[in-house]
Amino acid sequence: MASEKKTSKNAAYDRLRAALKAQTTARAYLFYGEESYLRQTYVQQLQTLLIPKGSEDFNLHRLSGPRLTAQEVADAVEAMPMMAANTLVTVTDWDIFKLEEAQRSQLIDLLEDIPEYCTLLFIYDTVAYKRDGKMKKLAAAIDKNVEVVEFQGQSRDALVRWLQKRFRALDHQIDLTTADYMLFYCGTMMDNLISEVSKVAAYAKAQQITTADIDAVAEPVLDARIFDMTNHISAGKYDRAAAVLGDLLRMQTEPIVILGAIGKELRRLYTARMAIDSGKDKYWLMELWEMRSDYPAKLLLQSAKRVSAQWCGDAVKMCQVADLRMKSQRGVDPAEELKLLLARLGAARK
């Protein structure tokens, strides 16, 4: 019934959407994945479909781990509906692959015999879902009886359509180029984008959203700030790069996190330079770095045109040295190490 093999089309997600549209849901689901907004949206859709308003106290049973027992889940599943045809049992952050053997056996028996009136929904929110193939009986029971749905980050096209819909609801418009910029600047997680859309729409004076509106009030994600930093360095604008670093340190961003992001961005820049030198295009970069849009790929290629492969290779090595010093040497001031790294990158660029 369920398959946990990842496919580009995310077949389980498509089946969930079709089931909700047809109003014929499975007996059991397991929701996990990075896109928390989308996951919660489908939790709410299941609840709306199955549980009539006003009957939640009787027919909606919310349970959560980690101390939850299989018997408590079974009791909720077996509870008869009242004044409704269905019940919905949600079980949040219960790591079923870490259960003791007796608990696993009881859960397997439950999954094999879920009542027709009940839908059981496992939700992984703050706990990561990690399937353990060594527990063959439990894995087989899940494959047979549970629809496992991963809520992945959405495609560029889906996100652009969603942004346009959100802005229209707030009496604004956003074109494709500006939407791409917002996804780069604010990230692609819908949960975060909701608040940023509201801020930008409230600030914008005209109906058409501009990049200036986004810059004025939206909060850039770390990757966007780091790109600005490395882009300034590649352009020979060390003072601007240092200003970005200063802002991040004042915001109390952990230096080791900043260094990790700088290292990743410089590796991306190196591959962009390699793409230019070997005649590869933006689509090669998009596939290599799993980019949802060509917008960051185009920015990388523009930045890479200003630096040599030699500088990129040296820059990556400088990051590795800084990482080793920050992690292994006593008495090192991480913030000062970052400032020194930036100075060395800037000096090598000249």
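Note that the structure is a prediction, hence the values are computed from the model and not measured. (Residues numbered from 1 in each chain as written. Predicted model: local features only at pLDDT ≥ 70, side-chain atom pairs only at ≥ 80, totals over all residues. Heavy atoms only, no water.)

**Q** Would you take a moment to explain the overall build of the chain for this structure?
**A** Secondary structure summary: the chain contains 17 helices and five strands in total. The dimensions of the chain, computed from C-alpha atoms along their principal axes, are 75 × 55 × 40 Å. Each of the 350 residues in the chain was classed as buried or not, and the buried ones make up 47%. Intrachain contacts of the chain at a sequence separation of at least 6 include 74% that bridge at least 24 residues. (Helix = DSSP H or I, 4+ residues; strand = E, 2+ residues; numbered from the N terminus. Buried < 20%, exposed > 50% of the residue type's maximum accessible area, 1.4 Å probe, protein only. Contact = heavy atoms within 4.5 Å.)

**Q** For this particular structure, what's the right way to read the sheet that holds strand β3 (residues 87-92)?
**A** By definition, the strands of a sheet pair up through backbone hydrogen bonds, in either a parallel or an antiparallel sense. The strand order across the open sheet built from five strands is β2-β3-β4-β1-β5, with neighbouring strands paired in parallel fashion. Each having just a single partner strand, β2 (60-64) and β5 (147-150) make up the two edges of the open sheet. Shown here is a sheet whose adjacent strand axes are inclined to one another by a mean of 15 degrees, direction ignored. Here β3 runs beside strand β4 (residues 118-123); their pairing, made up of six bridges, is parallel. Considered in β4, the bridge of T90 is made with L121. The strands touched by helix α2 (residues 36-50) are β1 (28-32), β2, β3 and β4; relative to β1, the strand with the most contacts, the crossing angle is about 155 degrees. (Pairing = 2+ DSSP bridges. Axes fitted to C-alpha atoms, helices over the stretch in contact; angles between N-to-C directions.)

**Q** Mind showing me how you'd approach the packing of aromatic side chains here?
**A** The relative placement of two aromatic rings is captured by the distance of their centres and the angle of their planes. Here the structure, examined in full by the defined rule, presents 14 aromatic pairs. An aromatic cluster is present here, built from Y13, Y29, F31, Y42 and F151 joined pairwise through their rings. Sitting over the face of the ring of W284, K280 holds its NZ or CZ atom 5.4 Å from the ring centroid. (Phe/Tyr/Trp six-rings, centres within 6.5 Å; stacked < 30°, edge-to-face > 60°. Lys NZ or Arg CZ within 6 Å of the ring centre and 35° of its normal.)

**Q** Looking at this structure, how should I read the pattern of salt bridges?
**A** Between side chains of opposite charge, a pair can form when the charged atoms approach closely. Across all of its chains, the model carries 18 salt bridges by this definition. In this structure, R268 and E265 form a salt bridge, with 3.4 Å as the shortest nitrogen-oxygen distance. Taken as a pair, R268 and E265 lie in helix α13 (residues 255-278) at a separation of three residues, close to a single helical turn. R268 sits in the buried class, given a relative accessible area of 13%. Taken together, the shared-partner salt bridges connect R156, D157 and D180 into one network. (Salt bridge = Lys/Arg side-chain N within 4 Å of Asp/Glu carboxyl O.)

**Q** Looking at this structure, I do not really get α13. What am I missing?
**A** What sets the pattern is the α-helix's 3.6 residues per turn: residues three or four places apart point alike. In a regular helix each residue adds 1.5 Å, so 24 residues correspond to 34 Å; α13 covers 34 Å between its end C-alpha atoms and thus fits that length. Once α13 finishes, G279 follows within two positions and takes phi at roughly 80 degrees, a positive value. (Expected span 1.5 Å × (residues − 1).)

**Q** Explanation requested: the packing of helix α11 (residues 222-234) against helix α17 (residues 334-349) in the structure shown.
**A** Packed helices, taken two at a time, are described by their axes: the angle between them and the distance between them. The interhelical angle for the contact between α11 and α17, taken along N-to-C directions, is 35 degrees, at an axis separation of 9 Å. Residues M229, I233 and S234 of α11 form the contact with α17, whose participating residues are L342, L345, G346 and R349.

**Q** Can you help me understand unusual backbone geometry in this one?
**A** Leaving glycine out, the prevailing phi sign among residues is negative, and the prevailing peptide bond configuration is trans. With an omega dihedral of 5 degrees, the bond running from G65 to P66 counts as a cis peptide bond. Following the sequence through the fold, P66 ends up in the loop between β2 and α4 (70-78). Although it is not a glycine, Q23 sits at a positive phi angle of roughly 60 degrees. Within the fold, Q23 resides in the loop between α1 (11-22) and β1. Notably, D93 is not glycine yet its phi reads approximately 55 degrees, a positive angle. Its place among the elements puts D93 in the loop between β3 and α5 (101-112). Residue class for D93 comes out buried when judged on its relative accessible area of 13%.

**Q** Any chance you could explain the pairing of β1 here in plain terms?
**A** Within a regular strand, side chains alternate between the sheet's two faces. Among the five residues in β1, five count as buried, and that is most of the element. The two faces of β1 match: A28, L30 and Y32 on one face and Y29 and F31 on the other face are all buried. Pairing of β1 with β4 involves four bridges; the strand directions are parallel. Of the residues in β4, the one forming a bridge with L30 is F122. Across four bridges, the pairing between β1 and β5 is parallel. Bridge pairing links Y29 to E147 in β5.

**Q** I tried to follow the side chain of E196 on my own but got confused; where do I start?
**A** Inspection of the secondary structure assignment puts E196 in helix α9 (residues 190-203). A relative accessible area of 3% means that E196 is categorised as buried. Engagement of the side chain of E196 in a polar contact is seen with the side chain of K199, the distance being 3.2 Å. (Polar contact = N/O pair within 3.5 Å; in protein donor to acceptor, adjacent residues only side chain to side chain.)

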